[in-house]
Amino acid sequence: DGGITQSPKYLFRKEGQNVTLSCEQNLNHDAMYWYRQDPGQGLRLIYYSQIVNDFQKGDIAEGYSVSREKKESFPLTVTSAQKNPTAFYLCASSTPRGAPGGYTFGSGTRLTVV
Amino acid sequence: GQNIDQPTEMTATEGAIVQINCTYQTSGFNGLFWYQQHAGEAPTFLSYNVLDGLEEKGRFSSFLSRSKGYSYLLLKELQMKDSASYLCAPQRGNKLVFGAGTILRVKS
C-alpha cells in the first residue's frame, strides 16, 4: 500500500543540537510539505517542495532547513537556531494541484527539547 | 491564523446534526479542504470543494460559497467517534493554509 512515513515518532533533543526528521513517500507525489503544530493551534507551513531539487520557504522557515534530492524523500533539519522547537511536526505530500484526494499526511514526529 | 476563522469549540449530542462554519480570505483561492484530526494524530481528508455548492459524502457534507469566502462542514447522525478537531484549509496556489481548527465534543 502506498503511503507516507515519518520517523521517528518521538524525538528528544538537547538544546544546541541539530536534529533531522525523516519523511518518505511512495505515492509518486511531486509535491511535499512540512508543517508544525503547537497545542491548540492549526498547522503552520515550514517548507514545501513542488519538484526534486527545488523547495521554497513557508511562513515559519527560520531555524529549519530541508533538502529534496529524491522524489520520495524530504527530510527536515531543526537547527540550533530554532528557538522554540518543541512541537508536533507533520509531513505531507500531494499531486501538483492537490486535488481531488487532497494532501496525504504522515503520522507525525513529536519533538521535545530537553 | 492566516485570516481563517472557525469557532474554537462546539458541543453536540450523539445522533444530532452539527454545522461547523469557516470564513477565509478569497485572494489566490483555488479550493477548500476539510480535515479531521484526533488528538496526537495526523489529519485525515474529509472533503474538497472547488465550485460553489454542496458536496455530500455519507454522513459528511461540505458547502462552499467562493464569492463570500465561506464554507461549512455538516456532520449528521453524530457518533462519539466524531469527537475531534475539524480543520478548514483553503488552498492558495499549491499550498494549503490551515485554520486553528474547531474542537467538536460529542456527548451521549
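In case you missed it, the structure is sitting above this.
It should be emphasised that the depicted structure is a prediction, and the values quoted were computed from it without experimental measurement.

Time to look at the interface of chain B and chain A. Listed as interface residues are 18 residues of chain B and, on the opposing side, 25 residues of chain A. Among the residues of chain B in contact with chain A, B:Asn94, B:Lys95 and B:Phe98 are the three that bury the most area, contributing 31% of the side total. The tally of links between chain B and chain A comes to zero salt bridges. The interface formed by chain B and chain A contains four residue pairs in polar contact (both at pLDDT 80 or more). Listed by contribution, the elements that provide at least two residues to the side of chain B that touches chain A are β3 (29-37), β4 (44-49), β8 (84-92) and β9 (95-96) of chain B. The greatest single-element share of the side of chain B that touches chain A, amounting to three residues, is contributed by β3(B). Of the residues that constitute the side of chain B that touches chain A, the class distribution is ten nonpolar, six polar and two charged.

Let's shift gears to the state of the cysteines. Two cysteines whose sulfur atoms are joined by a covalent bond form what is called a disulfide. All names here are of chain B. Throughout the structure, instances matching the rule amount to two disulfides over all chains. There is a disulfide in this structure between Cys22 and Cys88, and the S-S distance comes to 2.0 Å. Measuring the twist about the S-S bond at about -70°, one finds the Cys22-Cys88 disulfide to be left-handed. Residue Cys22 is found in strand β2 (residues 18-23), and its partner Cys88 is found in strand β8; the two are separated by 66 residues along the sequence. Accessibility assignment for this pair places Cys22 and Cys88 in one class, buried.

It is worth spelling out the pattern of salt bridges at this point. Think of it this way: side chains of opposite charge can pair up when their charged atoms draw near. Residues and elements named next belong to chain A. In this structure the tally under the stated criterion is six salt bridges over all chains. Close ionic contact of Asp30 with Lys71 constitutes a salt bridge, the shortest N to O distance being 3.4 Å. Taken together, the residues span a long stretch of sequence, with Asp30 in the loop between β3 (19-25) and β4 (31-37) and Lys71 in the loop between β7 (64-66) and β8 (76-78) at a distance of 41 residues. Taking the relative accessible area as the measure of exposure, Lys71 reaches 24% and is therefore partly exposed.

So, on to the side chain of A:Ser94. Looking at the secondary structure, you find A:Ser94 in strand β9 (residues 87-94). Look at A:Ser94 and you get buried, because its relative accessible area is 0%.

With that settled, consider the sheet that holds strand β1 (residues 4-7) of chain A. All names here are of chain A. An order of β1-β3-β8-β7 is seen for the four strands of this open sheet, with the pairing classed as antiparallel. Each end of this open sheet is capped by a strand with a single partner; those strands are β1 and β7. In this sheet, adjacent strand axes meet at a mean angle of 20° when their direction is disregarded. Bridge analysis of β1 against β3 gives four bridges, and the strand direction is antiparallel. The residue of β3 that forms the bridge with Ser7 is Ser22.

On to the packing of aromatic side chains. Under the defined criterion, the tally for this structure stands at 19 aromatic pairs over all chains. Arranged with centres 5.9 Å apart and planes meeting at 80°, the rings of A:Tyr47 and A:Phe55 form a pair that is edge-to-face. Taking the centre distance of 4.5 Å and the plane angle of 40° together, the rings of B:Phe33 and B:Tyr48 count as tilted. Here B:Phe33, found in strand β3, pairs with B:Tyr48, found in strand β4; they are 15 residues apart in sequence, far enough to count as distant. The exposure class assigned to B:Tyr48 is buried, which follows from its relative accessible area of 16%. Its guanidinium or amino end placed over the ring of A:Phe88, A:Arg110 lies 4.5 Å from that ring's centre, counting from NZ or CZ.

With that settled, the discussion passes to the sheet that holds strand β5 (residues 53-57) of chain B. Residues and elements named next belong to chain B. With antiparallel pairing, the four strands of this open sheet are ordered in space as β2-β7-β6-β5. In this open sheet, the two strands that pair with only one neighbour each are β2 and β5. On average, adjacent strands in this sheet sit at an angle of 15° to one another, irrespective of strand direction. Relative to strand β6 (residues 60-65), β5 runs antiparallel, the two sharing five bridges. Looking at β6, one finds that Gly53 is bridged to Leu64.

Definitions and limits used
Residues numbered from 1 in each chain as written. Chains lettered and ligands numbered in written order. Predicted model: local features only at pLDDT ≥ 70, side-chain atom pairs only at ≥ 80, totals over all residues. Heavy atoms only, no water. Contact = heavy atoms within 4.5 Å. Buried area = accessible area lost by both parts, 1.4 Å probe. Salt bridge = Lys/Arg side-chain N within 4 Å of Asp/Glu carboxyl O. Polar contact = N/O pair within 3.5 Å; in protein donor to acceptor, adjacent residues only side chain to side chain. Helix = DSSP H or I, 4+ residues; strand = E, 2+ residues; numbered from the N terminus. Nonpolar A, V, L, I, M, F, W, Y, C, P; charged D, E, K, R; others polar. Disulfide = S-S within 2.5 Å. Buried < 20%, exposed > 50% of the residue type's maximum accessible area, 1.4 Å probe, protein only. Pairing = 2+ DSSP bridges. Axes fitted to C-alpha atoms, helices over the stretch in contact; angles between N-to-C directions. Phe/Tyr/Trp six-rings, centres within 6.5 Å; stacked < 30°, edge-to-face > 60°. Lys NZ or Arg CZ within 6 Å of the ring centre and 35° of its normal.

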